[in-house]
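Secondary and tertiary structure notes
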Amino acid sequence: MAARILIVEDEEPLTLLLRYNLEAEGYAVDAAGRGDDADLRLKESPPDLAIVDWMLPGLSGIELIRRLRARTETQQLPVIMLTARGEEGERVRGLATGADDYIVKPFSVPELLARIRALLRRTKPERVAAVLTAGDIELNREKKRVARAGRDVPLGPTEFRLLEFLMENPGRVFSREQLLDRVWGRDVYIDERTVDVHVGRLRKALNRGQRSDPIRTVRGAGYALNDRYGSAEA
């Protein structure tokens, strides 16, 4: 799955510029023009990285970052702060509040993209790795191929994205609603039972001729990639 980036910026031309360049780099992009709207989105579905402007209507960027750092689910979320405030004291304040990086407007888009890549490599290496592995399963993002125990596993595009997402988050249980959001996208309206169908197809493809099932069903909660899969205890 492409890394998900949330842009929190009230200047629409800048938001459009950032969205265009980030999507050209292969990222999945969402945007919010108000700090309070962004706060709600971040509670519902945290992205892999947030770009936050200092001056925002509804809730300032500084206060938004304070709230992110106060919540367990977003304490480690990578945040880059954008601002017209270039004084050293302001940069120190932004970083002390919890921003991981700080870029002053106007800025170079290539430099911002480079900082995003560096931050994701450090904080979300599974999001930028070309090859993901779990036990005897190997997923190659660049070649769009999956193998188990050296045998190619043919998958459709949706099953590939589903497996990729689960392998990025081993052991974490995701509800059907969360999987629809992260694998199919927020703007796709389909029945949650569709998730069961695709999980079933993925299982059938992965488990052909194999004894162990790497996908765990948690009754009443959802699905997860077994984080002990491939270990002696599994």
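Located above this text is the structure these notes cover.
Attention here is on the structure that accompanies the text. (Residues numbered from 1 in each chain as written. Predicted model: local features only at pLDDT ≥ 70, side-chain atom pairs only at ≥ 80, totals over all residues. Heavy atoms only, no water.)

1. What about helix α3 (residues 61-70)?
Along α3, the positions that sit buried rather than exposed are Gly-61, Ile-62, Leu-64, Ile-65, Leu-68 and Arg-69. Each buried residue of α3 sits inside an arc of 160 degrees when the element is viewed along its axis, so together they form one side. (Buried < 20%, exposed > 50% of the residue type's maximum accessible area, 1.4 Å probe, protein only. Helix = DSSP H or I, 4+ residues; strand = E, 2+ residues; numbered from the N terminus. Arc of directions from axis to C-beta.)

2. Some points on the sheet that holds strand β1 (residues 4-8)
Spatial ordering of the open sheet is given by β2-β1-β3-β4-β5, a layout of five strands whose pairing is parallel. Each end of this open sheet is capped by a strand with a single partner; those strands are β2 (28-32) and β5 (101-104). Neighbour-to-neighbour, the strand axes of this sheet turn through a mean angle of 20 degrees, independent of strand direction. With five bridges connecting them, β1 and β2 associate as parallel partners. For Val-8, the partnering residue across the bridge sits in β2 and is Ala-32. Contacting β1, β3 (49-53), β4 (79-83) and β5, helix α5 (residues 109-123) runs over the sheet at an angle of about 155 degrees to β4. (Pairing = 2+ DSSP bridges. Axes fitted to C-alpha atoms, helices over the stretch in contact; angles between N-to-C directions. Contact = heavy atoms within 4.5 Å.)

3. Re the packing of helix α8 (residues 176-184) against helix α9 (residues 193-206)
Taken N-terminus to C-terminus, the directions of α8 and α9 make an angle of 75 degrees; their axes are 9 Å apart at the nearest point. Taken together, α8 and α9 sit at an angle that is classed as roughly perpendicular. Where α8 approaches α9, its residues Arg-176, Leu-179, Leu-180 and Trp-184 are matched on the opposing element by Thr-194, Val-195, Asp-196 and His-198. A per-class count over the contact of α8 with α9 returns four nonpolar, two polar and two charged. (Parallel < 35°, antiparallel > 145°, perpendicular 65-115°, else oblique. Nonpolar A, V, L, I, M, F, W, Y, C, P; charged D, E, K, R; others polar.)

4. A look at the pattern of salt bridges
Scanning the entire structure with this criterion turns up 22 salt bridges. In this structure, Arg-67 and Asp-39 form a salt bridge, with 3.1 Å as the shortest nitrogen-oxygen distance. You can see Arg-67 sitting in helix α3 and its partner Asp-39 sitting in helix α2 (residues 35-44), a full 28 residues away along the chain. Its relative accessible area of 35% is what places Arg-67 among the partly exposed residues. Residues Asp-152 and Arg-145 are paired through a salt bridge, measuring 2.8 Å at the closest nitrogen-oxygen approach. Of the residues examined, Asp-152 reaches a relative accessible area of 42% and is grouped as partly exposed. On the basis of relative accessible area, Arg-145 is assigned to the partly exposed category, the value being 44%. A single network of salt bridges, built from pairs that share partners, joins Asp-39, Lys-43, Glu-63, Arg-66, Arg-67, Arg-71 and Glu-73. (Salt bridge = Lys/Arg side-chain N within 4 Å of Asp/Glu carboxyl O.)

5. Describing unusual backbone geometry
Of note, the bond from Lys-105 into Pro-106 is cis; its omega dihedral lies within 30 degrees of zero at -10 degrees. Position of Pro-106 relative to the elements: it lies in the loop between β5 and α5. Unusually for a residue other than glycine, Lys-144 sits at a positive phi of about 55 degrees. Within the secondary structure, Lys-144 sits in the loop between β7 (137-140) and β8 (145-148). Taking relative accessible area as the criterion, Lys-144 reaches 55% and is therefore assigned exposed.

Function cannot be read off these values alone, since they describe shape.
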